[in-house]
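Spelled out from the first residue to the last, the chains are:
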Amino acid sequence: MPASEMLSLAANLALLCSGLGIAVVIYRQSQSLAQRNLHYMFALSALSLALAALGRLTLTSTGQDPQTLRLLLDNLAFFAGLPMIASVAIAHGWQRQWSRAAWGRWLLGLFALFELGRRSDIGLFYAQALALLTCLALLAGVIKGYSGKIRLYALTGTVSLATGLLLFGPAPLIGGYQQDALYRFALAAFVVLCGYSFRRSTQPA
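Here, residues in each chain are numbered from 1, in the same order as that chain's written sequence. Where local features are concerned, this predicted model is filtered to residues with pLDDT of at least 70; where side-chain atom pairs are given and counted, the filter is 80 or more; whole-chain, interface and lining totals use all residues. In computing side-chain values, all of the structure's heavy atoms are included and hydrogens and water are not.

*Asks:* Teacher, can you tell me more about the nonpolar core here?
*Replies:* If you look at soluble globular proteins, the nonpolar side chains tend to sit buried side by side. Core analysis: the largest hydrophobic core is formed by 48 residues, its most contacted members being Leu49, Leu82, Leu138, Leu161, Leu165 and Phe190. Helix and strand labels come from DSSP, where a helix needs a run of H or I of at least four residues and a strand needs a run of E of at least two; each type is numbered from the N terminus. Of all the elements in the fold, those that place two or more residues in this core are helix 1 (3-30), helix 2 (37-58), helix 3 (64-93), helix 4 (100-119), helix 5 (123-145), helix 6 (148-168) and helix 7 (180-201). For leucine 138, the residues in contact, after removing those within four places along its chain, are Ala86, Ala89, Thr158, Leu161, Phe190 and Cys194. Nonpolar core, defined: a set of buried Ala, Val, Leu, Ile, Met, Phe, Trp, Tyr and Cys residues in which side-chain atoms within 4.5 Å join the residues together. Accessible area is worked out with a 1.4 Å probe on protein chains only. A residue is then buried under 20% of its type maximum, exposed over 50%, and partly exposed in between. Working rule for contacts: check all heavy atoms of both residues, and any pair within 4.5 Å makes them a contact.

*Asks:* Help me understand the packing of helix 3 against helix 7, please; the structure alone is not making it clear to me.
*Replies:* How two helices sit against one another is set out by the angle between their axes and by the gap between those axes. Axis definition: a line fitted to C-alpha atoms, over the contacting stretch in the case of helices. Angles run 0 to 180 degrees between N-to-C directions. At their nearest, the axes of helix 3 and helix 7 sit 12 Å apart, and the two run at 30° to each other. By the angle between their axes, helix 3 is roughly parallel relative to helix 7. Crossing hand, helix 3 versus helix 7: left-handed. Residues Asp74, Phe78, Leu82, Ile85, Val88 and His92 of helix 3 touch helix 7, and the partners they reach there are Tyr183, Arg184, Leu187, Phe190, Phe198 and Ser201. When residues are grouped by polarity, Ala, Val, Leu, Ile, Met, Phe, Trp, Tyr, Cys and Pro land in nonpolar, Asp, Glu, Lys and Arg in charged, and all others, Gly among them, in polar. Residues belonging to the contact of helix 3 with helix 7 are distributed by class as follows: eight nonpolar, two polar and two charged. Geometric relationships in this document are graded by angle, where less than 35 degrees denotes roughly parallel, more than 145 denotes roughly antiparallel, 65 to 115 denotes roughly perpendicular, and other angles denote oblique. Crossing handedness is defined as follows: a turn of the near helix away from the far one that is anticlockwise and smaller than a right angle gives a left-handed crossing, while the clockwise case is right-handed.

*Asks:* When you look at the layout of surface pockets in this model, what are you seeing that I'm missing?
*Replies:* Rolling a probe over the atoms, with the probe sized like a water molecule, indicates the empty space that remains. Volume-wise, the largest pocket comes out at about 280 Å³. Method remark: on a 1 Å grid restricted to protein atoms, a set of points is classed as a cavity if a 1.4 Å probe fits but cannot get out and as a pocket if it is open with protein on both sides within 12 Å along at least five of seven lines; lining residues have an atom within 4 Å of a point. The wall of the largest pocket is formed by 20 residues, among which Asp74, Asn75, Phe78, Pro170 and Tyr183 lie closest to the centre. Contributing elements (two or more residues each) for the lining of the largest pocket: helix 2, helix 3 and helix 7. Among the elements that line the lining of the largest pocket, the one with the most residues is helix 3, at six residues. Considering only residue class, the lining of the largest pocket consists of 12 nonpolar, four polar and four charged. Grid points are joined across faces, edges and corners, and a volume is the space filled by probe spheres set on the points.

*Asks:* What's the story with empty space enclosed by the protein in this structure? I'm lost.
*Replies:* Tallied over the entire structure, the rule returns one cavity of 30 Å³ or more. One number sums up the size of the largest cavity: a volume of about 60 Å³. Taken together, Phe42, Ile85, Val88, Ala89, His92, Leu138, Val142, Tyr146, Cys194 and Phe198 form the lining of the largest cavity. Of all the secondary structure elements, the ones that give two or more residues to the lining of the largest cavity are helix 3, helix 5 and helix 7. Among the residues making up the lining of the largest cavity, the classes are represented as nine nonpolar, one polar and no charged.

*Asks:* What exactly am I supposed to notice about the pattern of salt bridges here?
*Replies:* Pairing of side chains with opposite charge becomes possible as their charged atoms draw close. A pairing counts as a salt bridge when a side-chain nitrogen of Lys or Arg comes within 4 Å of a carboxyl oxygen of Asp or Glu. On inspection of all chains with the given rule, the structure shows five salt bridges. Across the pair glutamate 115 and arginine 118 runs a salt bridge whose closest N-O atoms are separated by 2.5 Å. Taken together, the residues glutamate 115 and arginine 118, both in helix 4 and three residues apart, mark about one turn of the helix. Here aspartate 180 ties to arginine 184 by a salt bridge, and the two come within 2.8 Å at their closest N and O atoms. You can see aspartate 180 and its partner arginine 184 sitting in helix 7, four residues apart, about one turn around the helix. You can call aspartate 180 partly exposed: its relative accessible area is 29%. For arginine 184, a relative accessible area of 3% translates into the label buried.

Treat this as a map of the structure, not an account of what it does.
What follows is the structure, encoded as structure tokens:
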């Protein structure tokens, strides 16, 4: 197996394990909390990252249907999963408990914005703008909602996400550095660090 394929395999395995692990841990924690919606949304978003990695690992044939499904899972993680985690950070930082219906409407709004951008031929601009806004929203939520060592872990995760999205991701702001394996390694580090920080900061007393 070529080195590039081995690196891609390792990156997707890391993202699959980290996304799935954080989703399970945070979902289980939510069962002991009165306000569960933030935890549900974080777990669901982390699961979307794991599914994108699983698609890369299993949908390897060159047929149109596997490629379409793989692209669908990648888009779900990029255009919905990551912005939802940033939204959770904002809600957590400002201590807002939105209803499931409100979260559902916001998720549908993200789907609608993606479709609008695609149909308007501004898909690349929308992807770049969304990546930048996701990083800024996550940074604001982390600074507002965390303190001490937990904030340090969350900030490290935020830097990892920003590096992955803005340099190595599917719509980088700076050209010439795009690398899918590094992008997925960055996502794996991000979801572990920010997931751990979120869990620690919301542990029941």
